[in-house]
Amino acid sequence: MKLGFFSIDLRVHKKHDVPTAESSHFAESNENITNTPNLFSHVTLQVRVQAWKEVSGKDMKFVNLDVANEYDLLVQLIKDEQPDSIVHFAEQRAAPYSMKTSKTKRYTVDNNVGGSNNLCCAVIDSEVDAHVVHLGTMGVYGYGTSGGEIPEGYIDVVLPGGREANILHPAYPGSVYHATKCLDALLFQFYQKNDALRVTDLHQGIVWGTNTPQTIKDERLINRFDYDGDYGTVLNRFLMQGAMGVPLTVYGTGGQTRAFIHITDTARCIEIAINNPPASGERVEIFNQVAETRRVRDVAKLVADQTGVDVNMLPNPRFEAAENELDVANRKFCSLGLDPITLDEALFKEVTEVVNKYKHRCDPTKILPASFWNKKRAEECASLD
Ligand code: USQ
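Residues numbered from 1 in each chain as written. Predicted model: local features only at pLDDT ≥ 70, side-chain atom pairs only at ≥ 80, totals over all residues.

## Things to note about the site of the ligand
Around the ligand, 22 residues are found, and the nearest of them are Ala95, Thr137, Met138, Gly139 and Val234. When residues of the shell around the ligand are traced back to their parent elements, those giving at least two are helix H6 (234–244), strand S11 (248–251) and strand S12 (257–262). No other element matches S11, which puts 3 residues into the shell around the ligand. Tallied by class, residues from the shell around the ligand come to 9 nonpolar, 8 polar and 5 charged. (Near = placed C-beta within 6 Å. Helix = DSSP H or I, 4+ residues; strand = E, 2+ residues; numbered from the N terminus. Nonpolar A, V, L, I, M, F, W, Y, C, P; charged D, E, K, R; others polar.)

Here's what the structure looks like:
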């Protein structure tokens, strides 16, 4: 079964052909992605592959297969390509979409957890010692107010009876989407222990921005820009709303503190992870892929000050802590050469220019949230309709 709407992709990197996340071979299935309200005109992957060839001179192979449901083809692809690294982006990626209906909840679990399990099994079945680099999320840690720095994946604990251990940080997801990333983490832990699978899990924050130094080279390479309530992430939504001259949609008090990362650093972190694989037998490597933390209402103020639009405090459609602190370690990436881009007005300008150019494509009816975490939240937000 191939389901539409979502970018389901599996990037397969080969030796000596790696340097950026945009280069090299990849396989992807992303049927019907045009059906979501993406700001840019849809360019097929075939066209993007051709555009990349024109600007870089590099060949990229495109294979369309469904990682969650075409297992034999996946095994064969890995045997044929003999990759050193596989970057696993083959998951439904949006928390609000995952919470929309029981259908989207079930789809998100089936696709994400089934896809990750298939990938682990396929690497083992193919007998290729490929390093799996998985796009995880900061949301596996939860956003409580426990205080203290969130470490990179593991914590020291004293178990009942006094035994000391270093274990995976307890999972505390805030949506079905985030729950699938917690379940993935357990699968990776198991396959690493049982089959010596080499895995790096990237606990990524909220991505913002439009371009990387690679995609800016050709309009056909511009990334998706989702601004709607189901797929758009908070800062990109605010920048779009600012460009449209509509009030910013801050949920609740805006006291939620979240981790942010620019899309250029996302690509750079993947490159660093590929170039620093765990050794065989080493436990799952976990990086916190974040540049900085900010409160949602402070992010809204930055955008409002720049664009002159009002800030609209809406009833929160989500079930989440109204206010939280967040202090996150990102020392591993920094020690490997990442110099993170932080929220900067110059970069806002770049995004705003792109958004202004394409804002005629925005459907204003998609701006308000359309996904509610539970019935109570839906009732509280009913006045938004
Ligand atoms: N928010 C608003 N107004 C909006 C949209 C969001 O106030 O118009 C608030 C939300 O209530 C939430 C925060 O902003 O407290 C972040 O929301 P988001 O939609 O930007 O991010 P989230 O749902 O957490 O998920 C996104 C991506 C997901 C990624 C995750 C990183 O969809 O793929 O894994 O960011 S993290 O949240 O750090 O786990």
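## Some points on helix H4 (residues 102–126)
Compared with the 36 Å implied by 1.5 Å per residue over 25 residues, the 35 Å span of H4 between its first and last C-alpha is a close match. Phi turns positive one or two residues past the end of H4, at glutamate 127, with a value near 60 degrees. (Expected span 1.5 Å × (residues − 1).)

## Observations regarding the packing of H6 against helix H10 (residues 345–358)
Where H6 contacts H10, the two axes come as close as 9 Å, and the packing angle between them is 60 degrees. Taken as axis vectors, H6 and H10 run oblique relative to one another. Two packed elements cross with a definite hand, and for H6 against H10 that hand is right-handed. Judged by residue contacts, Leu239, Met240 and Ala243 of H6 engage Phe348, Val351, Thr352, Val355 and Asn356 from H10. Looking at the contact of H6 with H10 residue by residue, the class counts come to 6 nonpolar, 2 polar and no charged. (Axes fitted to C-alpha atoms, helices over the stretch in contact; angles between N-to-C directions. Parallel < 35°, antiparallel > 145°, perpendicular 65-115°, else oblique. Left-handed = near helix turned anticlockwise from the far one by under 90°. Contact = placed C-beta atoms within 7 Å.)

## Description of the sheet that holds S12
Strand order in the open sheet formed by 3 strands is S10-S12-S14, and the pairing between neighbours is mixed. The open sheet has two free edges, formed respectively by strand S10 (206–208) and strand S14 (292–295), since each of these has just one partner strand. Across the sheet, the mean angle separating the axes of adjacent strands is 45 degrees when strand polarity is ignored. Examined bridge by bridge, S12 and S14 share 4 bridges and lie antiparallel to one another. Residue arginine 258 lies in a different strand from S14, and its bridge partner there is arginine 294. Across the face of the sheet, helix H7 (residues 263–275) comes into contact with S10 and S12 while running at roughly 75 degrees to S12. Where helix H8 (residues 296–307) meets the sheet, it contacts S12 and S14, and its direction lies at approximately 85 degrees from that of S14. (Pairing = 2+ DSSP bridges.)

## Describing the environment of asparagine 118
You can see asparagine 118 is positioned in helix H4. Each C-alpha atom of the pair asparagine 118 and valine 75 lies 9.1 Å from the other, and the pair is 43 residues apart in sequence. Ignoring anything within four residues of it in the chain, the contact list for asparagine 118 reads Val67, Ala68, Tyr71 and Leu74.

## Some points on the nonpolar core
Val123, Val132, Val133, Phe238 and Leu239 are the most contacted members of the largest nonpolar core, which has 74 residues in total. If one sorts the elements of this core by residue count, helix H5 (residues 176–195) sits on top with 7 residues. Those residues in contact with leucine 239, other than ones at most four positions away along the chain, are Val303, Phe348, Val351, Thr352 and Val355. (Core = buried A, V, L, I, M, F, W, Y, C linked by C-beta atoms within 7 Å. Buried ≥ 20, exposed ≤ 12 C-beta atoms within 10 Å, placed from the backbone.)

## Looking at the environment of histidine 42
Turning to its location among the elements, histidine 42 is positioned in the loop between strand S2 (25–29) and helix H1 (45–56). In this structure the C-alpha to C-alpha distance between histidine 42 and leucine 343, which are 301 residues apart in sequence, comes to 28 Å.

## Thoughts on the packing of H6 against H8
One can describe the packing of H6 onto H8 by two numbers: an axis separation of 10 Å at closest approach and a directional angle of 25 degrees. What the angle tells us is that H6 and H8 run roughly parallel. Two packed elements cross with a definite hand, and for H6 against H8 that hand is right-handed. Facing Val234, Leu235, Phe238, Leu239 and Gly242 of H6, the residues of H8 in contact are Val296, Val299, Ala300, Val303, Gln306 and Thr307. Across the contact of H6 with H8, the residue classes tally to 8 nonpolar, 3 polar and no charged.

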